[in-house]
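Understanding the architecture of this molecule
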Amino acid sequence: MKIHEYQAKELMARHGIPVQRGGVAFTPQEVRKIAETLKLATVVLKAQVHAGGRGKAGGIKLVKGAAEAEEAARKMFGMKLVTPQTGSEGKMVRRILVTEVAAIERELYAGIVLDRNRSELVFMVSSEGGVEIEKVAAATPEKIIRETIDRAVGFRPFQARRMAMALGLEGPLQREAGKLFTNLYKTFMEEDCTLVEINPLVVTPAQELLALDGKINIDDNALFRHPDILAMRDLDEEDALEVEASKSQLNYIKLDGNVGCMVNGAGLAMATMDIIKLAGAEPANFLDVGGGASEETVENGFRIILSDANVKAVLINIFGGIVRCDRVARGVIEATKKVGVSIPVVVRLAGTNAEEAAVLLKGSGLNFGVAANLADAARMVVASLQQRN
């Protein structure tokens, strides 16, 4: 789960990481009130959306005084912020972080990510703060200092000191950096994060460190331990179909293709998406209905797939192990009758009660394409798309 910058800073502050003073506003009047509370000649307004590159897109404004802050906020609220991470559709600004201005001497980067290839956490720092770390890695990889964290012992003090020294920090600033890096690791572990990032981490003229911007992603599977973080979820920033799917305990991710996929099991879903591409089409979604899917679950999944206007055909690929194929077939038949389907639907069912399921589909009076195997199913879906074109 992604959270906003101001929420990430709240979590960081809990763990002793220094952040700027400020507050989040949902109306121009609230922006003015926060600016007045800060009692500063100049404040910064930062649009809160789940995307980077806000500054270049007009989502960060430097304003003087509370009145100017309110006026600038009126223009920011409701605007569509288009960045490389949002795509052409952009994201609407509904929240604004009002914060103090920071004096900057140096900009650094610090972050912790999971190296999935090695199944280990990696702590990264760089002297090139304020720049997307991916660009630094591509152009000047030598400027990224990495420390692999041993799962048996965790992040060690000598690693924190080594990174601070590699950044050229000395004396009290080096000790402060070591403490900050340790607290960042505690944030990652105690809040069940999948990503923690400070970019930029600034050195002020007073030789202090400050998290000028923060990004945190939380492991969805651990949210049951963090009701306070779950309450931070901003449904406006998430795809509407993905939100609807989560209500039915469905694992759904919207993609850009035209073939809707309904599968049970993540591995089988990935294989199904691959074979659709190999056959010459593009998957419109990842949808795992789970190993013990009920007729209701299948019906909900089918309805969500068909809610995507880009879907021009549907491929249902179910292996009946825990779930019976006849149950899936009944769910598909009922969903088709209730929703009303005007696009081709190809079904491949294998495993428990597969023969009974085929009889149900063929005798439903509905126009299903019933495939003998996955390769045939993919070819049938692509053929149906070509016929429609």
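Here is a short report on the structure shown in this document.

Turning to the overall build of the protein, a few remarks are in order. The number of helices and strands found in the protein is 13 helices and 18 strands. Seen through its C-alpha atoms, the protein measures out along the principal axes to roughly 80 × 50 × 40 Å. A total of 389 residues make up the protein; the buried ones form 50% of that total. Pairs at least 24 apart in sequence give 68% of the contacts found in the protein among residues at least 6 apart.

Looking now at the packing of helix α2 (residues 28-38) against helix α3 (residues 65-76). Where α2 contacts α3, the axes come no closer than 8 Å and their chain directions differ by 150 degrees. Classed by the angle they form, the pair α2 and α3 counts as roughly antiparallel. Between α2 and α3 lies a crossing of right-handed hand. Along the contact surface, α2 presents Pro-28, Gln-29, Val-31, Arg-32, Ala-35 and Glu-36, while α3 presents Ala-66, Ala-67, Ala-69, Glu-70, Ala-73 and Arg-74. In the contact of α2 with α3, the residues fall into seven nonpolar, one polar and four charged.

Let us look at the nonpolar core. Among soluble globular proteins, nonpolar side chains are generally buried collectively. The biggest cluster of nonpolar side chains holds 38 residues, and the ones touching the most others in it are Phe-123, Phe-155, Phe-181, Leu-184, Ile-198, Leu-201 and Ile-216. When residues of this core are traced back to their parent elements, those giving at least two are α1 (5-14), β7 (106-115), β8 (120-126), α5 (157-166), α6 (171-190), β10 (193-203), β11 (209-211) and β12 (214-218). Sorting elements by how many residues they give to this core places α6 first, with seven residues. The contact partners of Leu-184, leaving out residues within four places of it in the chain, are Met-12, Ile-17, Ala-110, Gly-111, Ile-112, Phe-123, Val-196 and Ile-198. Counting residues in hydrophobic clusters, the runner-up holds 31 residues, among them Met-262, Val-311, Ile-316 and Val-332.

On the basis of which strands lie adjacent, the open sheet formed by four strands has the order β1-β6-β2-β3 and antiparallel pairing. The sheet is open, and its two borders are formed by β1 (22-25) and β3 (60-64), each paired with just one other strand. Looking at each pair of strands side by side, their axes are set apart by 25 degrees on average, direction ignored. Relative to β3, strand β2 (residues 42-47) is paired through five bridges, and the arrangement is antiparallel. Its bridge partner being in β3, Val-43 is matched across the sheet by Val-63.

Criteria and cut-off values
Residues numbered from 1 in each chain as written. Predicted model: local features only at pLDDT ≥ 70, side-chain atom pairs only at ≥ 80, totals over all residues. Heavy atoms only, no water. Helix = DSSP H or I, 4+ residues; strand = E, 2+ residues; numbered from the N terminus. Buried < 20%, exposed > 50% of the residue type's maximum accessible area, 1.4 Å probe, protein only. Contact = heavy atoms within 4.5 Å. Axes fitted to C-alpha atoms, helices over the stretch in contact; angles between N-to-C directions. Parallel < 35°, antiparallel > 145°, perpendicular 65-115°, else oblique. Left-handed = near helix turned anticlockwise from the far one by under 90°. Nonpolar A, V, L, I, M, F, W, Y, C, P; charged D, E, K, R; others polar. Core = buried A, V, L, I, M, F, W, Y, C linked by side-chain atoms within 4.5 Å. Pairing = 2+ DSSP bridges.

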